Amino acid sequence: MQFKSAGDFIIQKLNNELSPQLFYHCVEHVLDVYAAAEKIGTAENISADDMKLLLTAAWFHDSGFLKGAKNHEEESCRIARETLPGFDYQPNEIEQICGMIMATKIPQSPKNHLEEILADADLDYLGRDDFFTIGNQLFKELVDFGTIKTARQWDELQVGFLESHHYFTKTALQLRQAKKLEHLEQIKAKLNNDH
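What you see is a predicted model; the values in this text were computed from it and never measured. (Residues numbered from 1 in each chain as written. Predicted model: local features only at pLDDT ≥ 70, side-chain atom pairs only at ≥ 80, totals over all residues. Heavy atoms only, no water.)

Participant: When you look at the overall build of the protein chain in this model, what are you seeing that I'm missing?
Facilitator: From N to C terminus, the protein chain includes 9 helices and 0 strands. Each helix and strand of the protein chain, placed in order from N terminus to C terminus, yields the pattern α-α-α-α-α-α-α-α-α. At 17 Å, the protein chain has a C-alpha radius of gyration in line with the 16 Å of a compact globule built from 195 residues. Overall, the protein chain is about 60 × 35 × 25 Å in size when its C-alpha atoms are taken along their principal axes. In the protein chain, once contacts between residues fewer than 6 apart in sequence are set aside, the share between residues at least 24 apart is 67%. Here the protein chain has roughly 9800 Å² of accessible surface; of this, 53% comes from carbon and sulfur atoms. Averaging the coordinates of the 20 positive side-chain charges in the protein chain and doing the same for the 31 negative ones gives two points 3 Å apart. (Helix = DSSP H or I, 4+ residues; strand = E, 2+ residues; numbered from the N terminus. Rg over C-alpha atoms; globule rule 2.2 N^0.38 Å. Contact = heavy atoms within 4.5 Å. Areas by Shrake-Rupley, 256 points an atom, 1.4 Å probe, with all protein chains shown as cover. Lys, Arg positive; Asp, Glu negative; His and termini not counted. Charge placed at Lys NZ, Arg CZ, Asp CG, Glu CD.)

Participant: Help me understand the packing of aromatic side chains, please; the structure alone is not making it clear to me.
Facilitator: Describing an aromatic ring pair means giving the distance of the ring centres and the angle of the ring planes. Considering all chains together, one arrives at 7 aromatic pairs under this definition. Ring centres of Phe3 and Trp59 lie 4.8 Å apart, and the angle between their planes is 35 degrees; this geometry places the pair in the tilted category. Taken together, the residues Phe3 in helix α1 (residues 3-17) and Trp59 in helix α3 (residues 48-60) connect sequence positions 56 residues apart. Here Phe3 matches Trp59 in class, with each residue buried. Ring centres of Tyr34 and Trp59 lie 4.9 Å apart, and the angle between their planes is 25 degrees; on these two criteria the pair is classed as stacked. Residue Tyr34 is found in helix α2 (residues 27-43), and its partner Trp59 is found in helix α3; the two are separated by 25 residues along the sequence. Trp59 carries the same exposure label as Tyr34, and that label is buried. Positioned above the aromatic ring of Phe23, the side-chain terminus of Lys140 is 4.6 Å from the ring centre. (Phe/Tyr/Trp six-rings, centres within 6.5 Å; stacked < 30°, edge-to-face > 60°. Buried < 20%, exposed > 50% of the residue type's maximum accessible area, 1.4 Å probe, protein only. Lys NZ or Arg CZ within 6 Å of the ring centre and 35° of its normal.)

Participant: Honestly, helix α5 (residues 91-103) in this entry has me stumped. Any pointers?
Facilitator: In an α-helix, one turn spans 3.6 residues; hence positions three or four apart end up facing the same way. The first and last C-alpha atoms of α5 sit 18 Å apart over 13 residues, in line with the 18 Å expected at 1.5 Å per residue. If you check which residues of α5 are buried, you get Glu93, Ile94, Ile97, Cys98, Gly99, Met100, Ile101 and Ala103. (Expected span 1.5 Å × (residues − 1).)

Participant: Teacher, can you tell me more about the pattern of salt bridges here?
Facilitator: Opposite charge on two side chains permits pairing when their charged atoms draw close. The tally for this structure, following the rule as stated, stands at 14 salt bridges. A salt bridge links Lys4 to Asp8, with the shortest nitrogen-to-oxygen separation between them at 3.1 Å. Residue Lys4 and its partner Asp8 are located together in helix α1, separated by 4 residues, close to a single helical turn. Here Lys4 falls in the exposed class, since its relative accessible area comes to 54%. Judged by relative accessible area, which is 41%, Asp8 ranks as partly exposed. Measuring nitrogen to oxygen at the nearest pair gives 3.0 Å for the salt bridge that ties Lys188 to Glu163. Remark: Glu163 occurs in helix α8 (residues 151-164) and Lys188 occurs in helix α9 (residues 170-193); sequence separation between them is 25 residues. A network of salt bridges, in which partner residues are shared, links Asp32, Asp124, Arg128, Asp130 and Arg176. (Salt bridge = Lys/Arg side-chain N within 4 Å of Asp/Glu carboxyl O.)

Participant: What am I meant to see in the side chain of Glu44 here?
Facilitator: Topologically, Glu44 is positioned in the loop between α2 and α3. Lacking a salt bridge, the buried Glu44 has Lys170 as its closest oppositely charged neighbour, with an N-O distance of 6.6 Å. Looking at Glu44, its side chain comes within polar contact range of the side chain of His113, at 2.7 Å. (Polar contact = N/O pair within 3.5 Å; in protein donor to acceptor, adjacent residues only side chain to side chain.)

Right, dumping it as structure tokens:
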């Protein structure tokens, strides 16, 4: 398995080919999810082999945006299946990686520990201090794509999302849950004050 080369390949491809309209689903997000996955995976005591599969999935999880937002997880899996054999990944490893990628699809439905870790890493920012900064990038992206039109609409969407979201791993629950709930209360207060 040429782990590092596979990562270099997809990051370079994303850097060169992703739409500049992707303010959130950009290379910075991929690297952020990679760092969160590594942190959670380490705390959850996964093996070195599993860590490589997890981090490969983090690198590839939004590569489907090279084609577009619709069904991007499925497209990310297609890209992984097409690309990773060239870096000496085995078919069973690629299927595990695709399972993790699919676990990031909203609503998240991970089926094993590694899938839970990547699902939590993908939404790690919900319980971090940079929540509003990163959220603003997603807001800009969704406005650009015509998905939402107003800041109020965005706040309402975020309330619904934060209320329905839950972390899966002990690590994410310990590190991120309390702050995530604070963010939810802040947005609710803002909506009430805007009346």
